[in-house]
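# Analysis of the macromolecular model
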Amino acid sequence: MDEVERLLVVDDEAPILHALQRTFEAAGYEVTACADPAEALERLREKPFQVLSADYMMPGMTGAEFLSQAKGLQPETIRILLTAAHDFSAAVDAINNGEIFRILPKPWNRVELLGTVRQAFDTYALREKNRQLTAIVQSQNSELAALNKGLEALVDERTTNLLDGMVAVLDYRDTETQWHSRRVSRFTRRIAEQLGVTDPHHLRTIEMGALLHDIGKIGVRDAVLLKPGPLDTDEWVEMREHPHLGWALLQRIEFLRDASIIVLQHQERFDGKGYPGGLAGEQIVLGARLFAVADTYDAITSDRPYRKAQSHDAALLEMQRVSGTQLDPQGVNAFCALAEAEWKAIRHDVEKISLLEKEWGWTPPKRVFDQIREVAMRQKQPISQPPAVEGVKT
Ligand SMILES: [Fe+2]
């Protein structure tokens, strides 16, 4: 803060102006004295003054005009009006407009005059301190806001990594679940957007529910999950437990509770012939109904061990055939309303991630793991030290 206490005194009567200047200088203030209000305004343009003392009746402009212009030039300056008692009523407008701090009579009482000026400087200092503190608080608030944003992004990134990790766990037992799950989660979100879902929390819930839909398969025994042939009745009963197992697993994770309903209902059918609840129509949450649409599309358009991938158009035909029975018609319609290129772009995006993960050596999916194991067996090396595989950094 400025330590010099600068006072601007304006009075058109020379003897009074000099008397005021002497009084204030004796009190230790740096005084600038002006007989002409226009000149005083010039001084205000040149440098800041904490306090301004002005006469009311001056040539050229009224005290009210002068104080109003002075306020425009230096709004923070504390303004004092020094005027003869008979001018008090004329000064009312200046008082009412809040342009002055105090009004003092002429002739003045020295003690009262100096006391008022001291108060004016103290008030200025307090307000200045307050302005500085406010500025500090504002800057700290914006720093905090930026920090919060960074933290949110970090939480978001770590959550995504954690969920990817959870899905990748399944790949050690089942094949390529994670890429199917990632595609389906992106497809499901896109259908929801097309249907007009805009709430970011709802969209994120739908995306996470679709991503984790089969997470309950972790609890299904290998003998059932990896059985090459058809399952018998008891095995089917066990396999059909997976939505409930997934739901129960996610109950332990607070931020996945909403998504867990989608996991629980992902094998339901629109006509009520699904499991585990046999729910129909809107008894099934939107996310689970849209997931079924995305899952059907992905199943038809992806290579399977027993058949090659089919075309986009073939998938649409099949989805329309089962619309209203297996699938929610509004979900199918929303899907069909978008061009093939849109779905291809999402698939391409996910595949790009899979290539990068291979490149970076992150948790390899089972396919890559098998490749490493195959080479290791050929070279009779322990699997704990996998040899380099083409396209895979280990
Ligand atoms: Fe499933």
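### Some remarks on the overall build of the protein
- Along the backbone of the protein there are 16 helices and five strands.
- Within the protein, the fraction of its 394 residues that count as buried is 31%.

### Some details on the environment of Trp343
- As for its position among the elements, Trp343 is in helix α15 (residues 340-360).
- Judged by C-beta crowding, with 22 C-beta atoms within 10 Å, Trp343 ranks as buried.
- Among all residues touching Trp343, those that are not within four sequence positions of it are Phe187, His312 and Leu338.

### Regarding the nonpolar core
- Counting 38 residues, the largest nonpolar core has Leu212, Ile262, Val263, Leu290, Phe291, Val293 and Ala294 as the members making the most contacts within it.
- Of all the elements in the fold, those that place two or more residues in this core are α5 (110-171), α6 (177-194), α7 (200-211), α10 (242-250), α11 (257-265), α12 (286-301), α13 (312-321) and α14 (329-337).
- Ranked by residue count, the leading element in this core is α12, at eight residues.
- With residues near it in sequence (within four places) discarded, Leu290 still touches Thr188, Ile191, Ala192, Ile206 and Gly331.

### Looking at unusual backbone geometry
- That bond from Lys106 to Pro107 is cis: its omega, -10 degrees, falls within 30 degrees of zero.
- Checked against the element boundaries, Pro107 lands in the loop between β5 (102-106) and α5.
- In this chain, Tyr275 is followed by Pro276 through a cis amide linkage whose omega measures 5 degrees.
- Position of Pro276 relative to the elements: it lies in the loop between α11 and α12.

### Observations regarding the packing of helix α2 (residues 37-46) against helix α3 (residues 63-73)
- At a closest axis distance of 10 Å, the pairing of α2 and α3 adopts a crossing angle of 10 degrees. The pairing of α2 with α3 is recorded here as roughly parallel in orientation. For the pair formed by α2 and α3, the contact residues are Pro37, Leu41, Leu44 and Arg45 on the first element and Phe66, Gln69, Ala70 and Leu73 on the second.
- Residue composition of the contact of α2 with α3, grouped by class: six nonpolar, one polar and one charged.

### Let's talk about the packing of α7 against α11
- Remark: α7 packs on α11, axes separated minimally by 8 Å, with the N-to-C direction vectors making an angle of 50 degrees. The orientation of α7 relative to α11 falls into the category oblique. With respect to the hand of their crossing, α7 and α11 are arranged in right-handed fashion. Mapping the contact onto sequence places Thr205, Ile206, Met208, Gly209 and Ala210 in α7 and Asp258, Ala259, Ile262 and Val263 in α11.
- Of the residues belonging to the contact of α7 with α11, the class tally is six nonpolar, two polar and one charged.

### Comments concerning the sheet that holds β5
- Here five strands make up an open sheet; going across it, the order is β2-β1-β3-β4-β5 and the pairing parallel. The open sheet terminates on both sides in strands that have one partner only, identified here as β2 (30-34) and β5. Going across the sheet, the axis of each strand differs from the next one's by a mean of 20 degrees, ignoring polarity.
- Two elements, strand β1 (residues 6-10) and β2, share five bridges in a ladder whose sense is parallel. Among the inter-strand pairings, Val9 is bridged to a residue of β2, identified as Ala33.
- Against the sheet, α5 makes contact with β1, β3 (51-55), β4 (78-84) and β5, and its axis sits at roughly 160 degrees relative to β4, the strand it touches most.

### So, the confidence of the model for the protein
- Across the protein, the average pLDDT comes to 86, with 87% of residues at or above 70.
- Looking over the protein, one finds the lowest element-wise mean pLDDT in helix α16 (residues 366-378), namely 50, and the highest in α14, namely 97.
- Low pLDDT (under 50) marks residues 379-394, which in the prediction has 22 contacts with non-local residues, meaning those over four places away or in another chain.

How each quantity is defined
Residues numbered from 1 in each chain as written. Predicted model: local features only at pLDDT ≥ 70, side-chain atom pairs only at ≥ 80, totals over all residues. Helix = DSSP H or I, 4+ residues; strand = E, 2+ residues; numbered from the N terminus. Buried ≥ 20, exposed ≤ 12 C-beta atoms within 10 Å, placed from the backbone. Contact = placed C-beta atoms within 7 Å. Core = buried A, V, L, I, M, F, W, Y, C linked by C-beta atoms within 7 Å. Axes fitted to C-alpha atoms, helices over the stretch in contact; angles between N-to-C directions. Parallel < 35°, antiparallel > 145°, perpendicular 65-115°, else oblique. Nonpolar A, V, L, I, M, F, W, Y, C, P; charged D, E, K, R; others polar. Left-handed = near helix turned anticlockwise from the far one by under 90°. Pairing = 2+ DSSP bridges. pLDDT = per-residue confidence, 0-100.

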